[in-house]
Amino acid sequence: MADTIVDDRAVFTGIEAFLVVDVNKKEHLPDFSCEYFTDEENCLVGLFWSDGESKRNYQVFGDIMSFDATYRSNRYSMVFVPFTGIDNHNNNVSFGAALLASETAETYKWLLRCFLKAFGKQPDVVVTDQDPAMKKAIEEVFTGSRHRLCMWHVMHKLSTKVGVTLCNTIDFKQRFCDIVWTDSLSPSNLK
């Protein structure tokens, strides 16, 4: 059975229910941002939102932002995409979130444009996993941002890329970490 919302005018289901919530949020929370798009059958394809606290977090801690689309555990089988940063106490802070029906470059470009519209500026650095669609969208929409790969993903895939034997060698691990955990690379660092 579809979720319903009842207001004093009518009963709404599906996307119509979301529109009622969206209008009410903007009336009571002027800093709330929400964008969405639907397909030709009026099914929700993308939804982005951010509230006032998230926007304040971004103003203070938004120089580096991570976004990850690995969560597909809701009943609508949509991908949950949180935008997060780290405050000066090393705690995660939220900048916004989205639900997406697909993980294409076009969908990510729409999402990043919504983010820019809500926040007015792009982050200095964007950290993601190794998704090619995300990479393409970042290059086209966040043209002033530096794109970096999440170190957890890099380290997690290391043994499959170089082999378990080499990966478990102490000298290799040390040299690899010396390279990837530095900001200043030069040919002399690699010798």
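Small disclaimer: the values here were computed from a predicted structure and weren't measured. (Residues numbered from 1 in each chain as written. Predicted model: local features only at pLDDT ≥ 70, side-chain atom pairs only at ≥ 80, totals over all residues. Heavy atoms only, no water.)

Just to check I follow, could you spell out the pairing of strand 3 (residues 33–38) for this structure?
Two faces make up the sheet, and in a regular strand the side chains alternate between them. Alignment of strand 3 against strand 4 (residues 44–50), held across 6 bridges, turns out to be antiparallel. What sits directly across from F37, in strand 4, is G46. In this antiparallel pair of consecutive strands, strand 3 and strand 4, the connection spans 5 residues, and N42 shows a positive phi of 65 degrees. (Pairing = 2+ DSSP bridges. Helix = DSSP H or I, 4+ residues; strand = E, 2+ residues; numbered from the N terminus.)

Honestly, the environment of K55 in this entry has me stumped. Any pointers?
Relative to the assigned elements, K55 resides in helix 2 (residues 52–61). K55 gets classed as buried once you look at its relative accessible area, which sits at 17%. The contacts of K55, once residues within four sequence positions are left out, are D31, F32, S33, S50, A118 and F119. (Buried < 20%, exposed > 50% of the residue type's maximum accessible area, 1.4 Å probe, protein only. Contact = heavy atoms within 4.5 Å.)

So what exactly am I meant to see when it comes to unusual backbone geometry here?
Unusually for a residue other than glycine, N42 sits at a positive phi of about 65 degrees. Within the element layout of this structure, N42 appears in the loop between strand 3 and strand 4. Given the relative accessible area of 38%, N42 is considered partly exposed.

Honestly, the side chain of S33 in this entry has me stumped. Any pointers?
Locating S33 in the fold gives a position in strand 3. Accessibility expressed as a relative area gives 15% for S33, which makes it buried. When sequence neighbours within four positions are dropped, the list of residues in contact with S33 reads F48, W49, S50, K55 and A118.

Looking at this structure, how should I read the pattern of salt bridges?
Oppositely charged side chains are able to pair whenever their charged atoms sit close together. Going through the model one piece at a time under the given rule, you end up with 4 salt bridges. In this structure, E35 engages K117 in a salt bridge whose closest nitrogen and oxygen atoms are separated by 2.9 Å. With a gap of 82 residues between them, E35 in strand 3 and K117 in helix 3 (residues 105–119) connect regions that are remote in the sequence. Relative accessible area serves as the criterion here: at 60%, K117 is assigned to the exposed category. The residue K109 makes a salt bridge to E106 at a minimum N-O spacing of 2.7 Å. Here K109 pairs with E106, and both are found in helix 3, just 3 residues apart, close to one helical turn. A relative accessible area of 6% means that K109 is categorised as buried. (Salt bridge = Lys/Arg side-chain N within 4 Å of Asp/Glu carboxyl O.)

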